[in-house]
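In case you want the letters, here they are:
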Amino acid sequence: MNISRRRLLSSAAAGFAGAALAPRMAWAATDITLGDMQITTLSDGYLTQPADFMFAPMPQDELAAYLETKGMARDAQLTPECNVTLVRHEDRVILFDAGSGTTFMPTVGDLPDAMSALGVDPGEVTHVVFTHCHADHLWGVLDDFDEPVFTNAQHMMGQVEFDYWADPATVDTIAEDRVPMAVGAKRRLDMIGEQMSFFGDGEEILPGVAARATFGHSPGHMSFELRAGGSSVMVVGDAILNDHVAFAHPDWPIGADSDHEAAAQVRKGLLDQLAHDQMTMIGFHLPNGGIGRVERQGDAFAFVPA
Ligand SMILES: [Zn+2]
């Protein structure tokens, strides 16, 4: 595994709305190679979230002590990166997740620009493989006119994840603040239905791409192990959601996870394996393009950006 290039092109708009926000990148891409797979993470922008979205269910005294060691404010807005993984392998152009599109929030939706800067046309994408159906991963499948963006791509999704969001009952049973997410997911799944296929845990869904059930962040969240020769890269999606509490206190419940307990079990299992194998990982919301590895620190872990 080699990091071959890193490109950053910061936008001219240094004063992007709200000076407190990180400078907006026009697009950013980081490349690694694994055997004859060329892997690139592309920035779709970054989310802006209230801190409670992550921190609300955690033990607050311990959280305050931890955040102090990190120099993080308890109530500061969180601005995690969004990194979509593009894999070019033989005659395939594979996207892992589709980004947010333009209707979710103003700080995301950069994926088309990032692809264009890389010289990849959406029509060239052969497969879009989803980790899960939250807005920042799914809504980019449709353009401003509600037309599919990746017109020639097979859209591949874990069966459990699809069944949950495609179920008309989900909008009535999901937490109230998540109803817009559920309505948005179902509408998009309905519209791309004919392009979709489904898979389960452990399946080799494409040559060198194995699916792994990592349920918890969402009911059917999937991760993917890219394999070439004896080496692997794990695309973890949102199963490891941030580079702070998720690593330092993997037991703690994270507000953004739909099943706190299942997500924590999955997170610990992944961290343990990634640290043990020193496997390169790609996290959708991790910093510096999301690529790095896991280091064990006693009972806890740390993210080491590549
Ligand atoms: Zn996400």
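Residues numbered from 1 in each chain as written. Predicted model: local features only at pLDDT ≥ 70, side-chain atom pairs only at ≥ 80, totals over all residues. Heavy atoms only, no water.

Engineer: Tell me about the coordination of the zinc ion, and name the residues and values.
Structural biologist: Protein coordination at the zinc ion comes from Asp 136 (OD), His 137 (NE2), Asp 238 (OD) and His 285 (NE2), with a distance range of 2.1 to 2.2 Å. If you look at the zinc ion, its four donor atoms make angles of 83 to 171° with each other, and the shape they trace is irregular. For the zinc ion, all donor residues lie on one chain, and their spacing in sequence is D-H-x100-D-x46-H. Here His 285 lies in the loop between strand 13 (280-283) and strand 14 (291-297) and His 137 lies in helix 4 (residues 135-138), a separation of 148 residues in the sequence. A relative accessible area of 7% means that His 285 is categorised as buried. (Donors = N, O, S within 2.8 Å, 3.2 Å for Na, K, Ca; no water. Tetrahedral: all angles 85-135°; square planar, octahedral: opposite > 155°, others 65-115°. Helix = DSSP H or I, 4+ residues; strand = E, 2+ residues; numbered from the N terminus. Buried < 20%, exposed > 50% of the residue type's maximum accessible area, 1.4 Å probe, protein only.)

Engineer: Give a detailed account of the sheet that holds strand 12 (residues 231-237), specifying residues and quantitative values.
Structural biologist: Taking strand neighbours across the sheet as the criterion, the seven strands line up as 9-10-11-12-13-14-15 in an open arrangement whose pairing is mixed. The open sheet has two free edges, formed respectively by strand 9 (204-206) and strand 15 (300-305), since each of these has just one partner strand. Strand after strand, the sheet turns through a mean of 35° between neighbouring axes, direction not considered. Both strand 13 and strand 14 contribute to a ladder of two bridges, which runs antiparallel. What sits directly across from Met 281, in strand 14, is Gly 292. (Pairing = 2+ DSSP bridges. Axes fitted to C-alpha atoms, helices over the stretch in contact; angles between N-to-C directions.)

Engineer: Got a sec to walk through the side chain of Glu 161? Specific residues and values, please.
Structural biologist: Considering the arrangement of structural elements, one finds Glu 161 in helix 5 (residues 159-166). No salt bridge is formed by the buried Glu 161; the nearest opposite charge belongs to Arg 178, separated by 9.1 Å. A polar contact is formed between the side chain of Glu 161 and the side chain of Ser 218, at a distance of 2.9 Å. Not counting residues within four places of it along the chain, the set of residues in contact with Glu 161 comprises His 132, Cys 133, Ser 218, Pro 219, Gly 220 and His 221. (Lys, Arg positive; Asp, Glu negative; His and termini not counted. Salt bridge = Lys/Arg side-chain N within 4 Å of Asp/Glu carboxyl O. Polar contact = N/O pair within 3.5 Å; in protein donor to acceptor, adjacent residues only side chain to side chain. Contact = heavy atoms within 4.5 Å.)

Engineer: Tell me about helix 5, residues and numbers included.
Structural biologist: Looking at helix 5, one finds that the buried residues are Glu 161, Phe 162, Trp 165 and Ala 166. End-on view of helix 5: buried residues confined to an arc of 115°, all on one side of the axis. The inward-facing, buried residues of helix 5 contact strand 7 (154-158), helix 6 (170-173), helix 7 (179-191) and strand 8 (196-199). (Arc of directions from axis to C-beta.)

Engineer: Residues and numbers for unusual backbone geometry, please.
Structural biologist: Located in the positive-phi region is Glu 90, a residue other than glycine, with phi close to 50°. Here Glu 90 lies in the loop between strand 4 (81-89) and strand 5 (92-96). Unlike most non-glycine residues, Asp 97 shows phi in positive territory, near 80°. Note on placement: Asp 97 falls in the loop between strand 5 and helix 3 (111-118).

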